[in-house]
Amino acid sequence: MASIEPIKQKIYIFGSSQALYKAVASHIAELINKASTTKEYFSLVLSGGETPRELYKILATEYRNKIPWNKIRLYWGDERFVPHDDPESNYRMAKETLFLDKPILSKNVFPMSVDQPTVDDAALSYEKLLKFQFREPWPHFDLILLGLGADCHTASLFPNSSAIHEQKRWVVATEHPLTSQPRLSLTLPVLNQARNIYFLVRGNDKAEALKKATTDPPDPIDCPASAVRPLNGELSWWADGEAAQMIS
Ligand code: 6PG
């Protein structure tokens, strides 16, 4: 019987989403500034959806001059296979918020390209880009931001999907279980090689998923987010009171 290491994680709970965003922004800035004293680049993976929108706006405005933006390389944890100007695009959401007044040099921004013939081609193309940049058996992103779906998915790793079982690929093609929207996603092995992982979780509808995702033992099939356990990195959850209402 393989012993499961007790999950090592920190859970921060805030009385309001504004307090949550301000705290996360401050910690991200601290992480980047600290790493930038020794590293040429800080590799930051953005999450999509709606939750991080306000965080990105705070980083682009209040932290416009408090972060060495020219030392950040930006990536995405997942993407909808739609044009980058589509309202559904995670790249577009970041462009409307984080890139507000261009704090990030475009040469350091690596979106998941969506102009390949198929979503599988797009996954292979992003994987090729990452392998060219990291040149290691696995990439070690400095910080991966993740969201949490009410169904316990994260990135575009959905419950009962084949993508959860992927142990070799860095990027896979998948799809939304309800809309069948084609998606691209980093795989669990890549997420678990990160130096830092921050989950941002807001709202009543995420309470059950947050309870499942932060409780031992992990249940990757039913709750992919529970399988995010960085091997040598730090895992922290940043939640408002509504999302954390089921956590003792
Ligand atoms: C996406 C995300 C996804 C998201 C969760 C939470 O592309 O949608 O990467 O994993 O983080 O679905 O979404 P909300 O923040 O919109 O609740």
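Look a little higher up for the structure.
Throughout what follows, the structure given in this document is the object of discussion. Source: prediction; values computed, not measured. (Residues numbered from 1 in each chain as written. Predicted model: local features only at pLDDT ≥ 70, side-chain atom pairs only at ≥ 80, totals over all residues. Heavy atoms only, no water.)

**Comments concerning the overall build of the protein chain**
Now for step 1: From N to C terminus, the protein chain includes six helices and nine strands.
Now for step 2: Computed over C-alpha atoms, the radius of gyration of the protein chain comes to 17 Å, within 12% of the 18 Å expected from 2.2 N^0.38 for 248 residues, which places it in the range of a compact globule.
Now for step 3: In terms of its C-alpha atoms, the protein chain occupies a principal-axis envelope of roughly 45 × 40 × 35 Å.
Now for step 4: Here the protein chain holds 248 residues, and 54% of them are scored as buried.
Now for step 5: Accessible surface computed for the protein chain: about 11,500 Å², of which carbon and sulfur atoms make up 52%.
Now for step 6: Measuring between centres, the 28 positive side-chain charges of the protein chain sit 7 Å from its 30 negative side-chain charges. (Helix = DSSP H or I, 4+ residues; strand = E, 2+ residues; numbered from the N terminus. Rg over C-alpha atoms; globule rule 2.2 N^0.38 Å. Buried < 20%, exposed > 50% of the residue type's maximum accessible area, 1.4 Å probe, protein only. Areas by Shrake-Rupley, 256 points an atom, 1.4 Å probe, with all protein chains shown as cover. Lys, Arg positive; Asp, Glu negative; His and termini not counted. Charge placed at Lys NZ, Arg CZ, Asp CG, Glu CD.)

**Structural notes on the packing of aromatic side chains**
Each aromatic ring pair is characterised by the separation of its centres together with the angle its planes make.
Now for step 1: As enumerated under the stated definition, the model contains eleven aromatic pairs in all.
Now for step 2: Consider the rings of Y75 and F110, whose centres lie 5.2 Å apart with planes at 20°: the pair is stacked. Note that Y75 is positioned in strand β3 (residues 72-76) and F110 in the loop between α3 (90-97) and α4 (119-134), a separation of 35 residues in sequence. In this structure, Y75 and F110 share a single accessibility class: buried.
Now for step 3: Here the aromatic rings of W138 and W170 are separated by 6.2 Å at their centres, their planes lie at 20°, and the arrangement is stacked. (Phe/Tyr/Trp six-rings, centres within 6.5 Å; stacked < 30°, edge-to-face > 60°.)

**Let's talk about the sheet that holds β3**
The strands making up a sheet associate through backbone hydrogen bonding, with each pair oriented either parallel or antiparallel.
Now for step 1: Spatial ordering of the open sheet is given by β1-β9-β8-β5-β2-β3, a layout of six strands whose pairing is parallel. Only two strands of the sheet have a single partner each, and these edge strands are β1 (10-14) and β3. Strand-to-strand twist in this sheet, taken as the mean axis angle between neighbours without regard to direction, amounts to 20°.
Now for step 2: Here six bridges tie strand β8 (residues 196-201) to strand β9 (residues 234-240), and the two strands are oriented parallel to one another. Bridging across to β9, V201 finds its partner in A239.
Now for step 3: Lying on the sheet, α4 is in contact with β2 (42-46) and β3; it crosses β3 at an angle near 155°. (Pairing = 2+ DSSP bridges. Axes fitted to C-alpha atoms, helices over the stretch in contact; angles between N-to-C directions. Contact = heavy atoms within 4.5 Å.)

**Brief notes about the site of the ligand**
Now for step 1: In the vicinity of the ligand, 14 residues are found, and the nearest of them are T51, D78, H153, A155 and K206.
Now for step 2: Here E50 contributes a backbone N or O atom positioned 2.8 Å from an oxygen atom of the ligand.
Now for step 3: Measuring from an oxygen atom of the ligand, one finds a side-chain N or O atom of R80 at 2.7 Å.
Now for step 4: If the ligand stood free it would expose 420 Å²; the protein chains cover 86% of that surface.
Now for step 5: Within the shell around the ligand, the residues separate by chemical class into two nonpolar, seven polar and five charged. (Near = heavy atom within 4 Å. Polar contact = N/O pair within 3.5 Å; in protein donor to acceptor, adjacent residues only side chain to side chain. Nonpolar A, V, L, I, M, F, W, Y, C, P; charged D, E, K, R; others polar.)

**What to know about the state of the cysteines**
Now for step 1: Taken as a whole, this structure holds one disulfide when the rule is applied.
Now for step 2: Each sulfur of the disulfide joining C152 and C223 lies 1.9 Å from the other. The sign of the -45° torsion about the S-S bond sets the C152-C223 disulfide as left-handed. With C152 in the loop between β5 (143-146) and β6 (171-175) and C223 in the loop between α6 (207-213) and β9, this residue pair connects regions lying 71 residues apart in the sequence.
Now for step 3: By relative accessible area, C152 is classed as buried at 0%. (Disulfide = S-S within 2.5 Å.)

**Concerning the nonpolar core**
Now for step 1: L55, L74, L145 and L186 are the most contacted members of the largest nonpolar core, which totals 82 residues.
Now for step 2: It is helix α1 (residues 17-35) that contributes the most residues to this core, nine residues altogether.
Now for step 3: Apart from residues lying up to four places away in sequence, L145 is in contact with I28, L44, V45, L46, S47, L55, Y56, Y198 and L200. (Core = buried A, V, L, I, M, F, W, Y, C linked by side-chain atoms within 4.5 Å.)

**Observations regarding helix α2 (residues 53-61)**
Helical periodicity: at 3.6 residues per turn, an α-helix aligns residues three or four positions apart in one direction.
Now for step 1: If you check which residues of α2 are buried, you get L55, Y56, I58, L59 and A60.
Now for step 2: Elements that come into contact with the buried residues of α2 comprise α1, β2, α3, β5 and β8.

**Here we look at the environment of K34**
Now for step 1: Along the chain, K34 falls in helix α1.
Now for step 2: Taking C-alpha positions, K34 is 15 Å from V24, a pair spaced ten residues apart along the chain.

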